[in-house]
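Reading the structure
Listed below, chain by chain, are the residues.
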Amino acid sequence: MTRLLAGLVLAAAIAATANADINVGEPATIARWNFDVLLNERKIGTHRFELIDGGNVRHLRTDASFDVKVLFFNAYRYRHNSVEKWENGCLASIQSETDRNGDELSIRGESDAESFLIDGKTGERAIDRSCVMSFAYWNPEILDQDALLNSQTGDFQDIDVRFVGEEEIEAGGQTFAADRFEIDTGQGVIKVWYQQDNDRWLALEAPAKGKRTIRYQLTSVPTLADSRTDWPTGGVRNDI
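Residues numbered from 1 in each chain as written. Predicted model: local features only at pLDDT ≥ 70, side-chain atom pairs only at ≥ 80, totals over all residues. Heavy atoms only, no water.

This part takes up the nonpolar core. Core analysis: the largest hydrophobic core is formed by 51 residues, its most contacted members being Trp33, Tyr137, Ile142, Ile183, Trp201 and Tyr216. Apart from residues lying up to four places away in sequence, Ile183 is in contact with Phe135, Tyr137, Ile142, Leu143, Ile159, Asp160, Val161, Gly188, Val189, Ile190 and Val192. (Core = buried A, V, L, I, M, F, W, Y, C linked by side-chain atoms within 4.5 Å. Buried < 20%, exposed > 50% of the residue type's maximum accessible area, 1.4 Å probe, protein only. Contact = heavy atoms within 4.5 Å.)

Turning our eyes to something else, we now look at the state of the cysteines. Summed over the entire model, instances satisfying the criterion amount to 1 disulfide. Put simply, Cys90 and Cys131 are joined by a disulfide, and their sulfur atoms are 2.0 Å apart. Disulfide Cys90-Cys131: the torsion about the S-S bond is -105 degrees, which places it as left-handed. One end of the pair, Cys90, is in strand β5 (residues 90-100); the other, Cys131, is in the loop between β8 (123-127) and β9 (147-149), and 41 residues separate them in sequence. Take Cys131: its relative accessible area is 26%, and that puts it in the partly exposed class. (Disulfide = S-S within 2.5 Å. Helix = DSSP H or I, 4+ residues; strand = E, 2+ residues; numbered from the N terminus.)

The subject of this paragraph is the pairing of strand β2 (residues 42-53). Consecutive side chains of a regular strand alternate in pointing toward one face of the sheet and then the other. Most of β2 sits inside the fold, with 9 of its 12 residues counted as buried. Direction of pairing for β2 relative to strand β3 (residues 57-70): antiparallel, over a ladder of 9 bridges. In the sheet register, Ile52 faces β3, and the bridge partner there is His59. Taking the residues between adjacent antiparallel strands as the criterion, β2 and β3 are bridged by 3 residues, where Gly55 takes a positive phi near 95 degrees. (Pairing = 2+ DSSP bridges.)

Geometric descriptors of this kind do not, in isolation, establish any biological role.
Next comes the structure, spelled out in structure tokens:
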């Protein structure tokens, strides 16, 4: 079986497992973020996020597809898909596949009582924390962390977060009052915006090679859960 076919079979198995975990009688709330991805204001692809909320258990599925063309030739190709399972606010498991211009990456991870076990490009290792979070921008609780798991490489990266200020931002054809934060990974600064009254994720900017900028621009604003208690919040402004 080729690696590509194996990846497709695995992705199908992951999706089936996720559905099996959710369909146990608990109502599930679904929120979707559909972003156009811009490189210096030019659209290069899309990144979609789907959050399935079953109370204390959440599943996040992501799918990204970028193509950078130069003189009608595809100079760079990027594909990424992942499935994350969250329990009680912590990452319980992750499985992802990434193709960066032919460089294929695959990671698997699962939590136990005291650590998070990850198998990635550098092999198997344990992250000695009882609660690990990924770069899950949909969840503003990540802004209270000092390190996050990279869902592409499996690296557990130190971060420094700061609140920049209040701004108006356009998202999904609407204008919102938003709070802007910056996440310094040591390799670059990621800017992320959240709606002020409910901490809903609205936009993201990140540095790219050649002093360029990648921006995530919502095509439509996701609907929040019916109850605020079902939506991830965490007093993200108070401890920064």
